[in-house]
Amino acid sequence: MRRSTLALATATGAALLTAAALPATAQPTAHLAPTAAAQGAGLQEGTVGAAALLAKLKGCAQLSHGKYRTDEETSASVPVCGKNGAVFWKADMDIDCDGRTTSKCNADTDPWYQDDTAFHQSDGEPLSAERLPYVVVPSASGIWNYASAGIKGGGVVAVIYRDQVEYAVVGDTGPDKIIGEASYATARGLGIDPDPATGGTDSGVTYLLFKNSRATPIESHTDAVSRGDALAKKFLQDN
């Protein structure tokens, strides 16, 4: 992950944590799509294709009061755009490994690791970046306030990359001037290198967030896909 604006000190205590098994009722739904992506089949969750969604996202009715950077060292070039029932942006993808400590996401694998997420599972525990596809939204600022736009924790997101569609949830918040970040599981499903220290992609990712939506429970990827497919169909009808 390339979130250079986050203090490394935040993750110092995380190295002492050990992975704990989730209660059976709180286990996030396993994300099985990476196998297909790794074999080159591409990822298509739901019935609405990437081309149909992207055709509705060619222009930008800018909602944000200014633009975001994709990384600390880049210039501000990414606006948050509005559509009927949704907001979207086109950016890069940095890797968020925050949340539950696992073999892939911990203080040893991620120099910026934090053992918490802004939004929690139904059992009160942090989300698992390794298992759950989730997207990071910028913290509220004078540029944009996600909550005021109808975006909430657990909100459903269509992540589009190279003709692939993956559904995720709003799972964490990040720096207030940087945009374009998603969990380890999100990247892996789309065939993007999920390594939190060196992975990600510099461009080509579209994040389509559906207003006033929420996967129930937030850790259920199956529910996110089901709701996402219905929301995507409605989005095409309304735009």
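Refer to the structure presented above.
An account of the accompanying structure is given in this report. (Residues numbered from 1 in each chain as written. Predicted model: local features only at pLDDT ≥ 70, side-chain atom pairs only at ≥ 80, totals over all residues. Heavy atoms only, no water.)

**Looking at the pairing of strand β5 (residues 156-161)**
Item 1. Of all 6 residues in β5, 6 are buried; the element is thus mostly enclosed.
Item 2. Taking every second residue as pointing to the same face, both faces of β5 are buried, with V156, A158 and I160 on one and V157, V159 and Y161 on the other.
Item 3. Bridging between β5 and strand β6 (residues 164-174) involves 6 bridges; their strand directions are antiparallel. By the bridge assignment, V156 is partnered in β6 with V169.
Item 4. The hairpin formed by β5 and β6 contains 2 residues between the paired strands, and R162 there has a positive phi angle of roughly 50°.
Item 5. Sheet topology note: the β5/strand β8 (residues 201-210) ladder contains 5 bridges and is antiparallel. Bridge pairing in β8 links Y161 to V205. (Buried < 20%, exposed > 50% of the residue type's maximum accessible area, 1.4 Å probe, protein only. Helix = DSSP H or I, 4+ residues; strand = E, 2+ residues; numbered from the N terminus. Pairing = 2+ DSSP bridges.)

**Comments concerning the side chain of E130**
Item 1. One can find E130 in the loop between β3 (86-96) and β4 (134-138).
Item 2. Of the side chains with opposite charge, R188 comes closest to the buried, unpaired E130, at an N-O distance of 4.8 Å. (Lys, Arg positive; Asp, Glu negative; His and termini not counted. Salt bridge = Lys/Arg side-chain N within 4 Å of Asp/Glu carboxyl O.)

**Regarding the pairing of β6**
Item 1. Of all 11 residues making up β6, 10 are buried, and the element is well covered by its neighbours.
Item 2. Bridge count between β4 and β6: 5 bridges; the pairing is parallel. Paired with V137 across the strands is T173, a residue of β6.

**Quick notes on empty space enclosed by the protein**
Item 1. Following the criterion strictly, the structure yields 1 cavity of 30 Å³ or more and no others.
Item 2. Of the volumes computed, that of the largest cavity is approximately 60 Å³.
Item 3. What lines the largest cavity is D94, V136, V137, P138, G174, P175, I178, I179, G180 and E181.
Item 4. If one sorts the elements of the lining of the largest cavity by residue count, β4 sits on top with 3 residues.
Item 5. Grouping the amino acids of the lining of the largest cavity by side-chain chemistry returns 6 nonpolar, 2 polar and 2 charged. (1 Å grid on protein atoms, 1.4 Å probe; cavity = no way out; pocket = protein on both sides within 12 Å on 5 of 7 lines; lining within 4 Å. Points joined across faces, edges and corners; volume = space filled by probe spheres on them. Nonpolar A, V, L, I, M, F, W, Y, C, P; charged D, E, K, R; others polar.)

**Remarks on the nonpolar core**
Item 1. The biggest cluster of nonpolar side chains holds 42 residues, and the ones touching the most others in it are W89, M93, W144, V159, Y207 and L209.
Item 2. Elements with a minimum of two residues in this core: β3, β4, β5, β6, α3 (184-189) and β8.
Item 3. For this core, the element with the most residues is β3, which contributes 5 residues.
Item 4. Residues A86, Y167, F210 and F235 belong to the second largest nonpolar core, which totals 17 residues. (Core = buried A, V, L, I, M, F, W, Y, C linked by side-chain atoms within 4.5 Å.)

**A word on the packing of aromatic side chains**
Each aromatic ring pair is specified by the distance between its two centres and by the angle formed by the two planes.
Item 1. Applying the stated criterion to the full structure yields 3 aromatic pairs.
Item 2. Pairing W89 with W144 gives two aromatic rings, centres 5.9 Å apart and planes at 75°, and the pair type is edge-to-face. Placement of the pair is W89 in strand β3 and W144 in the loop between β4 and β5, with a sequence separation of 55 residues. The burial state of W89 is the same as that of W144; both residues are buried.
Item 3. Residues W89 and Y207 carry aromatic rings whose centres are separated by 5.9 Å and whose planes lie at 35° to one another, so their mutual orientation is tilted. In this pair, W89 is assigned in strand β3 and Y207 in strand β8, connecting sequence segments 118 residues apart. Comparing W89 with Y207, the two get one shared label, buried. (Phe/Tyr/Trp six-rings, centres within 6.5 Å; stacked < 30°, edge-to-face > 60°.)

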